Amino acid sequence: MQSTNSILMVRPASFGYNPETAPSNAFQHAAVSQTAANIQESALTEFDGLAATLIDYGVRLTVLEDTAHPVKHDAVFPNNWLSTHEDGTVILYPMFSEMRRQERRQDILDELEQYYEIRKVVDLSHYEAEGRFLEGTGSIVFDRINGVAFACRSSRTDPGLLDEVAAQLGYEAMLFDSVDVSRKPVYHTNVMLSVGTQFTVLAESTMPDADQRDRLIAALEAEGRRIVKLRPGQLEQFGGNILEIQGRDRLVAMSTTAFHSISAAQRDLLEVFAQLIHAPIPTIERVGGGSVRCMMCEIFLPRK
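Predicted, not measured: the structure shown is a model, and the values here were computed from it.

1. Regarding the packing of aromatic side chains
In total, this model carries five aromatic pairs according to the counting rule given. Pairing phenylalanine 199 with phenylalanine 273 gives two aromatic rings, centres 6.4 Å apart and planes at 20°, and the pair type is stacked. With phenylalanine 199 in strand β10 (residues 199–202) and phenylalanine 273 in helix α8 (residues 264–273), this residue pair connects regions lying 74 residues apart in the sequence. Note on phenylalanine 199: relative accessible area 0%, which makes it buried. An aromatic cluster is built from Phe27, Tyr187 and Phe238, whose rings are joined through pairwise contacts.

Next up, the structure:
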């Protein structure tokens, strides 16, 4: 399956601006006019609103609370340290930010194991000591149907570790380059690429290498998927940071910012394949530099 109806989310205890991640994340902005308490309060309101929307549409949601200590400003983005797979594999990823490394929690795995089968844990966190990083389904966009792991090269996405994960899963790795408006590497693949069952959303204009771009498009179209191409500017509105999930119907979840950024024609094309749902998360997007897709860790593990 390309998508699942089981989603893990982590309700933040100390959401805020992380200066360790800001240099490589062009989407992240300090909230100079808000207090830390106001930022946290806004983030909780936004988180709860998104969670309620997902539940309303029939998504099986597991919400776990972040721990107050140690402080983890980005705990709301669990997909960066954890991915799960249909064969019962769990992969733990090496994180660029020292603060973010504290997000990996055994008690979260223990909670999942009450309801799902975990047959193998692949822990890559030891690569942090070597300065090598790969940040989960932020770094990797999986084509689970065709067994391809797509990733754009950045300081948070190590090509060798991409190959290692692909080998663990029996996937093909496809690495390419993607840059933002300032010509810096796009920090995470999942802001410029989303792969659904029958569609792909791609910010092809961010790819400076024509050969890489043609190869990626050919791979995405190989199984008949329709490509929705993002226009310049839609990337910065999180138009690519969306995720196909399953509820009572097939859904595409995104932020309200992303929803309003896409054109009527793009919306019509996506709605051929799934129902679009959205929730407003402006504080999480602005201060954290991530959107709805980053907040959802997909659970593909077999149910007990």
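2. Notes on the environment of glutamate 164
Looking at the secondary structure, you find glutamate 164 in helix α5 (residues 159–169). The class for glutamate 164 is partly exposed, based on a relative accessible area of 26%. Note: C-alpha distance between glutamate 164 and leucine 124 (40 residues apart in sequence) is 9.5 Å.

3. Observations regarding the pairing of strand β13 (residues 250–255)
Moving residue by residue along a regular strand, the side chains alternate between the two faces of the sheet. Of all six residues in β13, five are buried, a share of seventy percent or more. Pairing between strand β12 (residues 243–246) and β13: four bridges, direction antiparallel. The residue bridging isoleucine 245 from the neighbouring strand is leucine 251, located in β13. Taken together, β12 and the strand that follows it, β13, pair antiparallel across an intervening segment of three residues. Here β13 runs beside strand β14 (residues 275–279); their pairing, made up of five bridges, is parallel.

4. Looking at the sheet that holds β14
Reading across from one edge, β12-β13-β14 is the order of the three strands in this open sheet, with mixed pairing throughout. On the outer flanks of this sheet lie β12 and β14, each paired with one strand and no other. Strand-to-strand twist in this sheet, taken as the mean axis angle between neighbours without regard to direction, amounts to 35°.

5. What to know about empty space enclosed by the protein
With the rule as written, the count across this model stands at two cavities of 30 Å³ or more. If you add up the space inside the largest cavity, you get close to 130 Å³. Along the walls of the largest cavity sit 14 residues, with Val141, Phe142, Leu243, Arg293 and Glu298 positioned nearest its centre. Those elements that place two or more of their residues in the lining of the largest cavity are β6 (141–143) and β9 (193–195).

6. What to know about unusual backbone geometry
With omega at -5°, the peptide bond leading from histidine 69 into proline 70 counts as cis. With respect to the element layout, proline 70 can be found in the loop between β2 (60–65) and β3 (82–84). A positive phi is found at arginine 183, a non-glycine position, where the angle reads about 70°. Relative to the elements of secondary structure, arginine 183 occurs in the loop between β8 (172–176) and β9. Under the relative-accessibility criterion, arginine 183 is labelled exposed at 56%. Phi at phenylalanine 238 takes a positive value of approximately 65°, unusual for a residue other than glycine.

7. Some details on helix α1 (residues 36–56)
Helix length check: α1 (21 residues) gives 30 Å between terminal C-alpha atoms against 30 Å at 1.5 Å per residue, within 8%. Listed in full, the buried residues belonging to α1 are Ile39, Gln40, Ala43, Leu44, Glu46, Phe47, Leu50, Ala51, Thr53 and Leu54. With its phi angle positive at about 90°, glycine 58 sits one or two positions after the end of α1.

8. Quick look at the nonpolar core
Phe150, Met192, Leu193 and Leu202 are the most contacted members of the largest nonpolar core, which has 37 residues in total. With near-sequence residues (within four places) excluded, leucine 193 lies in contact with Val141, Phe150, Phe176, Thr200, Val201, Leu202, Leu220 and Gly240. In terms of nonpolar packing, the next biggest core, distinct from the first, is built from 27 residues, Leu243, Ile245, Cys294 and Met296 among them.

9. A closer look at the environment of threonine 256
Counting through the fold element by element, threonine 256 comes out in helix α7 (residues 256–261). Sequence-wise, threonine 256 and proline 282 are 26 residues apart; in three dimensions their C-alpha atoms are separated by 8.4 Å.

Reading guide: rules and limits
Residues numbered from 1 in each chain as written. Predicted model: local features only at pLDDT ≥ 70, side-chain atom pairs only at ≥ 80, totals over all residues. Heavy atoms only, no water. Phe/Tyr/Trp six-rings, centres within 6.5 Å; stacked < 30°, edge-to-face > 60°. Helix = DSSP H or I, 4+ residues; strand = E, 2+ residues; numbered from the N terminus. Buried < 20%, exposed > 50% of the residue type's maximum accessible area, 1.4 Å probe, protein only. Pairing = 2+ DSSP bridges. Axes fitted to C-alpha atoms, helices over the stretch in contact; angles between N-to-C directions. 1 Å grid on protein atoms, 1.4 Å probe; cavity = no way out; pocket = protein on both sides within 12 Å on 5 of 7 lines; lining within 4 Å. Points joined across faces, edges and corners; volume = space filled by probe spheres on them. Expected span 1.5 Å × (residues − 1). Core = buried A, V, L, I, M, F, W, Y, C linked by side-chain atoms within 4.5 Å. Contact = heavy atoms within 4.5 Å.

Function cannot be inferred from these measures alone, as they are strictly geometric.
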